[in-house]
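Now for the letters of each chain:
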Amino acid sequence: MTVRTAANTAAGTDPATASTTRTGHRAGASRSAQAPSRVSRRLGSGLPFVIPFLIVAFLFLIAPIVYGLWLSFTEQSLMGNGGWVGLANYAEALGDPTMWSTLGHTIAFTLMSTIPLVLVALIMALLVYIGIPGQWFWRLSFFAPYLLPVAVVVQIWTWLFNSDVGFINYWLGRLGLDRVGWLTDVDVAMWSMVILTVWWTVGFNFLLYLSSLQAIPDLLYEAAEVDGAGFWRKLWSVTLPQLRSTTVLVATLQVIASLKIFDQMFIAFAGGSGPEGSTRPILQYIYDTGFTNYRMGYASAMSYIFFVVIIVITVAFRFLTRSRKDANNER
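Residues numbered from 1 in each chain as written. Predicted model: local features only at pLDDT ≥ 70, side-chain atom pairs only at ≥ 80, totals over all residues. Heavy atoms only, no water.

**Student:** Just checking my understanding: could you explain the layout of surface pockets for this structure?
**Tutor:** Gaps left between atoms show up when a probe the size of a water molecule is rolled over them. In this structure, the second largest pocket occupies an estimated 450 Å³ of space. Elements with a contribution of two residues or more to the lining of the second largest pocket: helix H3 (47-71), helix H14 (282-292) and helix H15 (296-330). No other element matches H15, which puts 6 residues into the lining of the second largest pocket. (1 Å grid on protein atoms, 1.4 Å probe; cavity = no way out; pocket = protein on both sides within 12 Å on 5 of 7 lines; lining within 4 Å. Points joined across faces, edges and corners; volume = space filled by probe spheres on them. Helix = DSSP H or I, 4+ residues; strand = E, 2+ residues; numbered from the N terminus.)

See the structure below:
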């Protein structure tokens, strides 16, 4: 013992320290051995919280998708069971001129509504961001329509668009202008739905832009001012480039939402198709086919064709915007 103590002392290590070190190594090894079990316990403890979500997702998402896909290969009807028809429903849908015309109406509405919903939201956010008087009032007025139910929004605008006693035509008459058939003219009806939709939903895009504007560092504007940049130069060279990702997000969300147009047109025209069917979207045609003509199998086939169209348009849009973003970064 004396020799070992002397050796430790000669080596500059106290016996108590050496004992503590050996004990620490053993404790560390013990903790390392216990670490996987603790990790597994932590991972296992979250499973009960995930199971309810998985059950709900299966019952209300996965199962309906699979069941709808199976229906698209049958002649299922609301009046009774139908037999297996394979790809016959898809072949009929691809040759259905009504489906293609309603799909064209849907795409036209998407193009007509997406651009103003992006530009108007950006302008509204810039007006609030630069500090126009009455900030709380403008924020509330810009976002408040988004909180209204679609039935209320359509009721308000059908009164405004009324050809005889509508508010808009009243003032057009007072100004000596001709009255407009906002909901009865083939060339105007779709634009009426665009105006209604922009007024109703632009508030959400406005919030996205406003939050992104507030996240731009002030140092960028200060550096631009040092270089002598004015308001428009800072807007073009600092603000808009910093909002590029937000613009892509807003445009993508708006394209998807506009492709799914149904409620506004269905309520505004009381379940009809608008003047000469000019505003009938594809979702309304699918609805009429399934629940009015009772052809659930054929309606399901058109639904999945439209689903593929949405995916293709969204992927193509994302690819184009990403390619343009990469080109700008290379510059």
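**Student:** What should I look at first to understand the packing of aromatic side chains in this one?
**Tutor:** Aromatic ring pairs: the centre-centre distance and the angle between the two ring planes describe each pair. Enumeration according to the criterion identifies 19 aromatic pairs in this entry. With 5.4 Å between their ring centres and 80 degrees between their planes, Tyr170 and Trp171 make a pair best called edge-to-face. You can call Tyr170 partly exposed: its relative accessible area is 41%. A centroid spacing of 5.4 Å and a plane angle of 35 degrees characterise the contact between Tyr287 and Phe291, whose relative ring orientation is tilted. In this pair, Tyr287 and Phe291 are both assigned in helix H14, 4 residues apart and thus about one turn of the helix distant. Owing to a relative accessible area of 48%, Phe291 belongs among the partly exposed residues under this scheme. An aromatic cluster is present here, built from Trp136, Phe137, Trp138, Phe142 and Phe206 joined pairwise through their rings. (Phe/Tyr/Trp six-rings, centres within 6.5 Å; stacked < 30°, edge-to-face > 60°. Buried < 20%, exposed > 50% of the residue type's maximum accessible area, 1.4 Å probe, protein only.)

**Student:** What is the right way to read the pattern of salt bridges from this model?
**Tutor:** Side chains carrying opposite charge are able to pair once their charged atoms draw close together. For the structure shown, the criterion picks out 4 salt bridges. A salt bridge links Glu75 to Arg295; the nearest nitrogen and oxygen atoms lie 3.7 Å apart. Here the residue Glu75 occupies a position in the loop between H3 and helix H4 (88-94), and Arg295 occupies one in the loop between H14 and H15, the gap between them amounting to 220 residues. Judged by its relative accessible area of 26%, Arg295 falls in the partly exposed class. A salt bridge links Arg295 to Glu92, with the shortest nitrogen-to-oxygen separation between them at 3.0 Å. Note that Arg295 is positioned in the loop between H14 and H15 and Glu92 in helix H4, a separation of 203 residues in sequence. Through salt bridges with shared partners, a single ionic network connects Glu75, Glu92 and Arg295. (Salt bridge = Lys/Arg side-chain N within 4 Å of Asp/Glu carboxyl O.)

**Student:** So what exactly am I meant to see when it comes to the nonpolar core here?
**Tutor:** Soluble globular proteins tend to pack their nonpolar side chains together in the buried interior. The biggest cluster of nonpolar side chains holds 44 residues, and the ones touching the most others in it are Phe109, Met193, Phe206 and Tyr209. Breaking this core down by element, the ones donating at least two residues are helix H5 (97-129), helix H7 (150-161), helix H9 (189-214), helix H10 (218-226), helix H11 (231-242), helix H12 (244-259) and helix H13 (263-268). Broken down by element, this core gets its largest block of residues, 12 residues, from H9. Discounting residues that sit within four places of it in the chain, Phe109 has contacts with Met190, Met193, Val194, Thr197, Ser258, Ile261 and Met265. Counting 18 residues, the second-largest nonpolar core is a separate cluster that includes Met99, Tyr304, Ile305 and Phe306. (Core = buried A, V, L, I, M, F, W, Y, C linked by side-chain atoms within 4.5 Å. Contact = heavy atoms within 4.5 Å.)

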